[in-house]
Amino acid sequence: MTFATSTRALLVSAIVFVAGATVTRAQPSSLPSVVISRHLAEARQLSIGSTIRVSTDRAGRRTREFTVVGIYEPTPNPSRLGSPDLEVRFHLPDLLDLTRDPATLAGSEAIDGINVALMDPADTQAFARDVNARLPGVDARPASAASGSAGPFIVLRRFHLAIAAVTIGAATVFLLALTIMLVEERRETVGVLRLIGLPARRILLQVLLEGVMVAAAGAAFGLLLALASERLINRFFQWKYDTALVFVRITPDVALTCVAIAIPLGAAATVIASWALLRRNALRLARR
Amino acid sequence: MTAWATLRRALPMAWRSLIRQPARASLGILGVAAVGALLLDMLLLSEGLIVSMRDLLARTGYDVRVTATEDLPRNGPRLRDVQATLSAIARLPQVRGALAVRFADAAVALPHDATLDASLEGVTGNAPHPWHVLRGRDVREPGEAVINESIATGSGAGPGAALMLRADCGVGTEALPPARLQIVGVAEFPFALTNENTIGATLGTVMAACGADGADQADVILVTSADDADAAVAAIKAVRSDLGAATNEQVLGRIQRTGFTYFQQISSVLTTITVSFALLLIAVLLTVSVNQRLGEIAALRALGFSRGRVVADVLCESALIVAMGGVLSLPIGAALATVLDRILKRMPGIPAELHFFVFQPTALTLHMALLAATAVLAALYPMHIVARLPIAATLRDQVAE
């Protein structure tokens, strides 16, 4: 549950992107504590116990010192791909002290939001309604609805689906061309089968079964190839962007969708290609 | 006979081979067209956003952007003491004009207690305003505003009407009183998002709407350099080292390193896949086709056709399939790019004028080069089969069959 408000600051952690962090090493002291992202620790060779001096402006005015008490792996964010997460997490009062405008009274600052963990997660809707009714000017929403990043992912999903549709279209055309050529190669065999008395429907069924088997084998090979390349692609891009983000994930749903498209498509291409052949005269097929 | 002359003589034969199997040839061409269309789109996508953004930045006429940090405007803290900062920048000899811009959200009051969400832009300085007036006139005095077509349609208001709005300036401002603005014109905002309602006014107007919140603050100062953007950036950094100043190219570089990386990556991956896919399938089509015509090719060799001539025949067949498919892929690719662009432009925060797929001559050249290379590579194996074909043994096998 998240709600945006401008009420007084509460004691929760916050994220700030700090301009002009300089580094000094010192013994652990009574300085306020912060945790930093792995990217920042690596970029500035910081470790637990390091003292950092932080300023909110590039000129380095109004600096304050903090002790690093932890290093965390930042939550992967696709919209910041390629840009290292140089983050420091403060206790909120420390952050407010650091960023407060001299003209602002302590305790009257605004914060961006409050995250609430409910005793019963099923109460989120009711709780949000209750807060919105009791606190005018506050916008309380279930965390799932508050996620602003949902939009881009929905759009990207549509984009990927459109690309997949074009790829399937191209693959279908090629498949049809190949099956027509392969069926053409077997015209004499089909002609002989027709001449010895096999009905066209029986031959078509045989062709269909053959098409299903070939398509199933192709789909299985495709899935194995995808599974083998999944780890390779993820490792390459995780190394390239220094992120824990997962780029490719072959889920059972994805695998089933692929199989559900590939097998009927392969079988249909075989039947369509054979249908034209089976409608011809058996004698012509056998070239007699 | 030169290789070129051999190819010219092989071309009509390759054409006849294709039209003899119209269904097969049509499907091959159609397949290349579909793959070629996807390839073209991926090439357009790889640089499309950057080209479009560069065009958009250049169109506004400002070549330097000054922010409080290196973050993009609205993504980082605001500039403070903006009037003093603006004066200091505008006085520099390397600067022709400077304009401070402050953004705020606003709820525009409509009849029957309804509201319309809008984006408010307040400007001050001696550079032209970042919008283009379509009807009416530009803002001159505090309290005046220009609106975009979207808000004019949504609110039914136009030049001469009044607009009541309540600003949300980002820091504890939900209790601000409503502000009354006089609409003096309808304008086009280059960076407005799709269907975004945008209002332009003076900085004083926005500050008044925001009350005490963030007074004398701005999100960005847009600068038009006297003649050299890099010199203007250096001069600004010399007087205000605490600010982030960047030329349009530097801003593009930042965007390229972060936000647009994904599309370049997916473009590279899909370009590789589509080219491999086309290569594999054309090679298979040609190989099966050649295998079915071994007897015919052996007969041609026996009649006196040289090895080079029959090899050229296969190469020409591949080139014809790829060339016709490639030509067909251009209109299909353009249509597909329009559809894909429409899908991607639904992404939040994308200006309506920004495009993901932008035509560039270099992309077309690369498209043609990749397809030509595909045609040659795909023909290599079937050419090898034809070149090493034993004439007598093949003819004997054909007779035996």
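Residues numbered from 1 in each chain as written. Chains lettered and ligands numbered in written order. Predicted model: local features only at pLDDT ≥ 70, side-chain atom pairs only at ≥ 80, totals over all residues.

Draft legend 1. Geometry of the overall build of chain B. Secondary structure summary: chain B contains 12 helices and 10 strands in total. For 401 residues, the compact-globule formula gives about 21 Å, and the C-alpha radius of gyration of chain B, at 31 Å, lies well above that figure. Oriented by its inertia axes, the alpha-carbon framework of chain B measures out at about 100 × 55 × 35 Å. Restricting the contact set of chain B to residue pairs at least 6 apart, pairs at least 24 apart contribute 82%. (Helix = DSSP H or I, 4+ residues; strand = E, 2+ residues; numbered from the N terminus. Rg over C-alpha atoms; globule rule 2.2 N^0.38 Å. Contact = placed C-beta atoms within 7 Å.)

Draft legend 2. How the structure looks around the overall build of chain A. Looking only at helices and strands, chain A features 9 helices and 9 strands. Taking all 288 residues of chain A together, the buried fraction comes to 20%. By sequence separation, contacts in chain A at least 24 residues apart represent 77% of the contacts at least 6 residues apart. (Buried ≥ 20, exposed ≤ 12 C-beta atoms within 10 Å, placed from the backbone.)

Draft legend 3. A look at unusual backbone geometry. We note that Gln45 of chain A has phi near 50°; this positive angle belongs to a residue other than glycine. Checked against the element boundaries, Gln45 of chain A lands in the loop between helix 1 (38-43) and strand 5 (51-54). Looking at Gln45 of chain A, the number of C-beta atoms within 10 Å reads 9, which means it is exposed. Not every positive phi belongs to a glycine, and Asp81 of chain B is a case in point at roughly 45°.

Draft legend 4. Quick peek at helix 2 (residues 22-60) of chain B. Residue and element names in this part refer to chain B. Between its terminal C-alpha atoms helix 2 stretches 53 Å, which fits the 57 Å expected from 39 residues at 1.5 Å a residue. Its maximal kink placed at Gly48, helix 2 deviates by approximately 45°. Of the residues one or two after helix 2, Gly61 is the one with positive phi, at around 90°. (Expected span 1.5 Å × (residues − 1). Bend = angle between axes of the 7 residues up to and from the residue.)

Draft legend 5. How the structure looks around the domain arrangement of chain B. Residues and elements named next belong to chain B. For chain B, the domain assignment lists domain 1 (3-57 + 261-400) and domain 2 (69-242). Counting residues at the interface gives 7 residues for domain 1 and 5 residues for domain 2. For the side of domain 1 that touches domain 2, the class distribution of residues is 4 nonpolar, 1 polar and 2 charged. (Domains from an automatic or database assignment. Nonpolar A, V, L, I, M, F, W, Y, C, P; charged D, E, K, R; others polar.)

Draft legend 6. Representation of the confidence of the model for chain B within the structure. Confidence along chain B averages 85 in pLDDT terms, with 95% of residues attaining 70 or more. Interface confidence for the predicted complex, expressed as ipTM, amounts to 0.74; the pTM equals 0.72. (pLDDT = per-residue confidence, 0-100.)

Draft legend 7. Representation of helix 1 (residues 3-20) of chain B. Along its 18 residues, helix 1 of chain B runs 26 Å from first to last C-alpha, staying within 8% of the 26 Å computed at 1.5 Å per residue. Of all bends in helix 1 of chain B, the biggest is about 30°, found at Leu11 of chain B, and the proline Pro12 of chain B comes one to four residues later.

Draft legend 8. Spotlight on the packing of helix 2 of chain B against helix 11 (residues 361-387) of chain B. Residue and element names in this part refer to chain B. Put simply, helix 2 and helix 11 touch, their axes get as near as 9 Å, and they point 140° apart. Of the possible angle classes, the one that applies to helix 2 and helix 11 is oblique. At the point where helix 2 passes helix 11, the crossing takes the right-handed sense. Together, Gly36, Leu39, Leu40, Leu43 and Leu44 of helix 2 and Ala363, Leu366, His367, Leu370 and Leu371 of helix 11 make up the contact between the two elements. The class makeup of the residues in the contact of helix 2 with helix 11 is 8 nonpolar, 2 polar and no charged. (Axes fitted to C-alpha atoms, helices over the stretch in contact; angles between N-to-C directions. Parallel < 35°, antiparallel > 145°, perpendicular 65-115°, else oblique. Left-handed = near helix turned anticlockwise from the far one by under 90°.)

Draft legend 9. Structural detail: the confidence of the model for chain A. For chain A, mean pLDDT is 78; residues scoring 70 or higher make up 82% of the total. Every residue in residues 1-26 of chain A is under pLDDT 50, and counting partners more than four places away or in other chains gives 82 contacts.

Draft legend 10. Region of interest: the nonpolar core. With 74 residues, the main nonpolar core has Ala177 of chain A together with Ala34, Leu38 and Ile282 of chain B as its most contacted residues. Elements supplying a minimum of two residues to this core: helix 5 (150-185) and helix 8 (252-278) of chain A together with helix 1, helix 2, helix 8 (261-292), helix 9 (294-302), helix 10 (307-344) and helix 11 of chain B. At 19 residues, the largest contribution of residues to this core is made by helix 2 of chain B. Beyond its immediate chain neighbours, meaning those up to four positions away, Ala34 of chain B contacts Val166, Gly169, Ala170 and Val173 of chain A. Counting residues in each nonpolar core, the second largest holds 58 residues, with Val64, Val101, Ile183 and Ile236 of chain B among its members. (Core = buried A, V, L, I, M, F, W, Y, C linked by C-beta atoms within 7 Å.)

Draft legend 11. Structural context of the environment of Pro93 of chain B. Following the sequence through the fold, Pro93 of chain B ends up in the loop between helix 3 (82-90) and strand 2 (95-109). Separated by 142 residues in sequence, Pro93 of chain B and Ala235 of chain B place their C-alpha atoms 8.7 Å apart.

Draft legend 12. Region of interest: the environment of Thr172 of chain A. Residues and elements named next belong to chain A. You can see Thr172 is positioned in helix 5. Judged by the 19 C-beta atoms lying within 10 Å of it, Thr172 is partly exposed. When the C-alpha positions of Thr172 and Arg194 are compared, they lie 29 Å apart, and in sequence the two are 22 residues distant.

Draft legend 13. Geometry of the packing of helix 8 of chain B against helix 10 of chain B. All names here are of chain B. In the contact formed by helix 8 and helix 10, the axes pass within 11 Å of each other and the chain directions differ by 135°. Here helix 10 runs oblique to helix 8, going by the angle between their axes. For helix 8 against helix 10, the interelement crossing comes out right-handed. Between helix 8 and helix 10, the contacting residues are Ile282, Leu286 and Val290 on the first element and Val314, Glu317, Ser318, Ile321 and Val322 on the second. Looking at the contact of helix 8 with helix 10, its residues break down into 6 nonpolar, 1 polar and 1 charged.

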